[in-house]
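In case you want the letters, here they are:
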Amino acid sequence: MNATPFSKIIAGTMTWGVWGKNCNTQQMIELMHCCLENGITTFDHADIYGDYTTEAAFGKAFNESTINRSSIQLISKCGIQMESDKRNNFVKHYDYSTSYIIESVEQSLRNLQTDYLDLLLLHRPSPLMRADEIAEAIGKLKQDGKILDFGVSNFTPLQTDLIETKIKINYNQISFSITDFEAMTKGSLDHMQTRNITPMCWSPLGTVFKQDDAQTQRLKKMLANFSAKYEVPADIILLAWILKHPAGILPVCGTADPSRLANLMKATTVNMELQDWFALWSESAGVPVP
């Protein structure tokens, strides 16, 4: 895959605002510095996070942090129109008209207090999206220097191909983890490798630490062994499992805990053995590989 300008682990900001830790400006500044000190330079946003408030909270903190814009990368997403007192919507829907995409990016730039996004993603596919309207918006935004690159999020291979009839897609941010590996078995990651699209994945730890069921119990037992073997915490093993895939997946880690952020890049140094990789997959599936 092509080398990307993004850090191998991406900081997901969804939980930094009111949808999570509700960090104040100083706490956000500290989180940004913690990321940078530990090699995480890329921050993933979406206009809707925190009910359309998290980008602005981050932007205020970024502005006060005196961090150089050229030392970080900012990703944002648009297209979801939520029911919100900040929007005149009576139903949740998607909007990928040329004018809406451009307006949404311009609003994100104001909120983030920056002149450009390193990457814009279309947040979720819409049955009504028109590839030519999307291409027109992206072309204008790139021409005006407001976005450097373009991708999608949660798109299937065919939906990606549809947009690619008019404009090249370079990234697709999908759900992928040890407990949600359909993208690997149903052809999505193969498609991305074929099309030279770099995958990003949200929720990279899956349900391992969120649910207590037969699957997660099996995984936790094996993770305890591998944690001792590779001398890293269990969540780092799960990230290393993702990083071993040849598609070059970039995990988006949505933690607002400085001690966990400080550990994440260790995953890039774990050289997971072949059989250990398959052992985790088998344990998650509950059956040996076919």
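Scroll up a little and you will see the structure.
Residues numbered from 1 in each chain as written. Predicted model: local features only at pLDDT ≥ 70, side-chain atom pairs only at ≥ 80, totals over all residues. Heavy atoms only, no water.

S.K.: It is not clear to me how the overall build of the chain should be interpreted in this structure. Could you clarify?
M.R.: The secondary structure content of the chain amounts to 12 helices and 10 strands. The C-alpha radius of gyration computed for the chain amounts to 19 Å, which stays within 12% of the reference 19 Å derived for 290 residues, consistent with globular compactness. Projected onto its principal axes, the C-alpha positions of the chain cover 50 × 45 × 40 Å. Counting over 290 residues, the chain shows a buried share of 52%. The contacts in the chain between residues at least 6 apart in sequence include a share of 77% that link residues at least 24 apart. Taken as a whole, the chain presents about 13000 Å² of accessible surface, with 52% of it coming from carbon and sulfur. Averaging the locations of the 26 positively and 32 negatively charged side chains of the chain gives two centres separated by 2 Å. (Helix = DSSP H or I, 4+ residues; strand = E, 2+ residues; numbered from the N terminus. Rg over C-alpha atoms; globule rule 2.2 N^0.38 Å. Buried < 20%, exposed > 50% of the residue type's maximum accessible area, 1.4 Å probe, protein only. Contact = heavy atoms within 4.5 Å. Areas by Shrake-Rupley, 256 points an atom, 1.4 Å probe, with all protein chains shown as cover. Lys, Arg positive; Asp, Glu negative; His and termini not counted. Charge placed at Lys NZ, Arg CZ, Asp CG, Glu CD.)

S.K.: It is not clear to me how the pairing of strand S9 (residues 198-202) should be interpreted in this structure. Could you clarify?
M.R.: Regular strands place their side chains on alternate faces of the sheet. When you tally the buried positions in S9, you get 4 out of 5 residues, the bulk of the element. As paired elements, strand S8 (residues 171-175) and S9 share 5 bridges and run parallel to each other. In the strand pairing of S9, Gln173 is matched with Met200. (Pairing = 2+ DSSP bridges.)

S.K.: How should the side chain of Ser282 be read in this particular structure?
M.R.: Structurally, Ser282 is set in helix H12 (residues 274-285). Its relative accessible area of 18% is what places Ser282 among the buried residues. Apart from the residues lying within four places of it in its own chain, the contact partners of Ser282 are Val287, Pro288 and Val289.

S.K.: Help me out: how do you make sense of the packing of aromatic side chains in this one?
M.R.: Under the counting rule described, the total for this entry stands at 12 aromatic pairs. Geometrically, the ring pair formed by Phe43 and Phe58 is tilted, given 5.4 Å between the ring centres and 55 degrees between the ring planes. Taken together, the positions of Phe43 in strand S2 (residues 42-44) and Phe58 in helix H3 (residues 54-65) put the pair 15 residues apart, joining distant regions of the chain. On the basis of relative accessibility, which here comes to 1%, the residue Phe43 falls in the buried class. Of the aromatic side chains, those joined through ring pairs into one cluster are Phe176, Phe181, Trp241, Trp277, Phe278 and Trp281. Its end group placed over the ring of Tyr116, Arg69 keeps NZ or CZ at 3.9 Å from the ring centre. (Phe/Tyr/Trp six-rings, centres within 6.5 Å; stacked < 30°, edge-to-face > 60°. Lys NZ or Arg CZ within 6 Å of the ring centre and 35° of its normal.)

S.K.: Help me out: how do you make sense of helix H5 (residues 131-143) in this one?
M.R.: Because each turn of an α-helix spans 3.6 residues, side chains separated by three or four positions in sequence point in the same direction. A rise of 1.5 Å per residue sets the reference length of H5, with its 13 residues, at 18 Å; its end C-alpha atoms lie 18 Å apart and thus fit the reference within 8%. By the burial criterion, the buried members of H5 are Ala131, Ile134, Ala135, Ala137, Ile138 and Leu141. On an axial view of H5, the arc spanned by its buried residues comes to 165 degrees, and they lie on one face. Turned more than 90 degrees off the buried face of H5, the exposed positions are Glu136 and Gln143. In this fold, the buried residues of H5 make contact with helix H4 (98-112), strand S6 (119-122), strand S7 (150-153) and helix H6 (157-164). Immediately beyond the C-terminal end of H5, within one or two residues, lies Gly145, with a positive phi of roughly 75 degrees. (Expected span 1.5 Å × (residues − 1). Arc of directions from axis to C-beta.)

S.K.: Looking at this model, I keep getting lost on the nonpolar core. Mind explaining?
M.R.: Within soluble globular proteins, side chains that are nonpolar generally end up buried alongside one another. By size, the foremost hydrophobic cluster in this structure holds 80 residues, and its most contacted members are Trp16, Ile101, Phe176, Trp241 and Leu280. In terms of residues, this core owes the most to one element, helix H10 (residues 234-243), which gives 7 residues. Sequence-distant contacts of Ile101, that is, excluding residues within four places in its chain, are made with Cys78, Tyr96, Leu120, Leu122, Ile134, Ala137, Ile138 and Leu141. One finds Phe6, Ile10, Leu119 and Val252 within the second-largest nonpolar core, a separate group that totals 9 residues. (Core = buried A, V, L, I, M, F, W, Y, C linked by side-chain atoms within 4.5 Å.)

S.K.: Please explain the environment of Lys210 as it appears in this structure.
M.R.: Mapped onto the elements of the fold, Lys210 is located in the loop between S9 and helix H9 (214-230). In this structure Lys210 comes out as exposed when scored by relative accessible area, which is 64%. Sequence separation between Lys210 and Thr185 is 25 residues, and the spatial gap between their C-alpha atoms is 23 Å.

S.K.: Looking at this structure, how should I read the sheet that holds strand S10 (residues 250-253)?
M.R.: Working definition: the strands of a sheet are paired by backbone hydrogen bonds and lie parallel or antiparallel to each other. Spatially, S1-S2-S3-S6-S7-S8-S9-S10 is the arrangement adopted by the 8 strands of the closed barrel, whose pairing is parallel. On average, each strand axis in the sheet is inclined to that of its neighbour by 25 degrees, with strand direction left out of account. Alignment of S2 against strand S3 (residues 73-78), held across 3 bridges, turns out to be parallel. Each residue of the ladder has a partner; that of Phe43, found in S3, is Leu74. (Axes fitted to C-alpha atoms, helices over the stretch in contact; angles between N-to-C directions.)

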